[in-house]
Amino acid sequence: MKPSKKNPLVIIILGPQGSGKGTQAKLLQKKFNLEYIGSGDLVRKRQKVNDLTGRKLLEVSAKKGKIIPTFLMSKLWADKFEKLKQKSEFNGFVFDGSPRKLIEATLVEEALNWYEWNKNVKIILIDISRKESIWRLTKRRICKDCGRVLPYMGEFRKLKKCDKCGGELITRTDDTVEGVKERLSWYKTDVMPVVNYYKKQGRLIKINGEQSIENVFKDILKAIR
Ligand SMILES: [Zn+2]
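All of these numbers come straight from a predicted model, not from anything done at the bench. (Residues numbered from 1 in each chain as written. Predicted model: local features only at pLDDT ≥ 70, side-chain atom pairs only at ≥ 80, totals over all residues. Heavy atoms only, no water.)

Student: Whenever I open this one, empty space enclosed by the protein confuses me. Can you help?
Tutor: Evaluation of the coordinates by the stated rule reveals one cavity of 30 Å³ or more. By volume, the largest cavity amounts to about 40 Å³. Counted by class, the lining of the largest cavity contains three nonpolar, five polar and no charged residues. (1 Å grid on protein atoms, 1.4 Å probe; cavity = no way out; pocket = protein on both sides within 12 Å on 5 of 7 lines; lining within 4 Å. Points joined across faces, edges and corners; volume = space filled by probe spheres on them. Nonpolar A, V, L, I, M, F, W, Y, C, P; charged D, E, K, R; others polar.)

Student: Where do I start with the environment of Ala 105 in this structure?
Tutor: With respect to the helices, strands and loops of the structure, Ala 105 is situated in helix H5 (residues 102-114). Along the sequence, Ala 105 and Thr 171 sit 66 residues apart, while their C-alpha atoms lie 32 Å from each other. Apart from the residues within four sequence positions on either side, Ala 105 is in contact with Pro 99, Val 194, Tyr 197 and Tyr 198. (Helix = DSSP H or I, 4+ residues; strand = E, 2+ residues; numbered from the N terminus. Contact = heavy atoms within 4.5 Å.)

Student: When you look at helix H7 (residues 177-200) in this model, what are you seeing that I'm missing?
Tutor: One full turn of an α-helix is made of 3.6 residues, so residues set three or four places apart face in the same direction. Taking 1.5 Å as the rise per residue, H7 with 24 residues should run 34 Å; its terminal C-alpha atoms sit 32 Å apart, in good agreement. Along H7, the residues that are buried comprise Gly 179, Val 180, Arg 183, Leu 184, Tyr 187, Val 191, Val 194, Val 195 and Tyr 198. Residues of H7 that are buried sit in contact with strand S1 (9-14), H5, strand S4 (121-127), helix H6 (130-139) and strand S8 (204-208). Looking one or two residues beyond H7, the residue adopting positive phi is Gly 202, at roughly 75°. (Expected span 1.5 Å × (residues − 1). Buried < 20%, exposed > 50% of the residue type's maximum accessible area, 1.4 Å probe, protein only.)

Dropping the structure here:
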């Protein structure tokens, strides 16, 4: 069934860093004309407000690896959900990279029930091995000018300059093997329980992420139809 305001589609997309989940989230957003909810975007918007929370969020984003407290994340989501609820045209949304902790998964579940978006929820895990994650993350590049992150995959590998603004492409200083391993260990301790939570409920759709962007997308479409 085509997603609509009456029958909205909610896609939760999970995966380790380097799995390409951001890219797939954007493709799904476009395909079904969905809203996109990325925790990073919500936090960046909120930190522009000059109050205690705004200032603390700025500090937290400056220090990498610090996680936003759950009560705050849940407030940001609720505000966003409330706005979406008021939209006249709404087909659903893609939730990119969240929930990141078991407690967040529970809260998201409650919110989806509260806003009556629980009928058509798809939970997708883009699965790649640890080895592949490390390889992709240490090789990916970022645009010095606009901050666009280019995965070390497919067409992106061939680019010499940023495809959006023509800026210079560099590797990030924290994309060393050690830095990447640290971030992946966080995935294992915090996010894996979320993955297992959905798995136990029999709701997890596992997609092989070690393929081209196009084929990963094709597999997702097949799985959610
Ligand atoms: Zn750029």
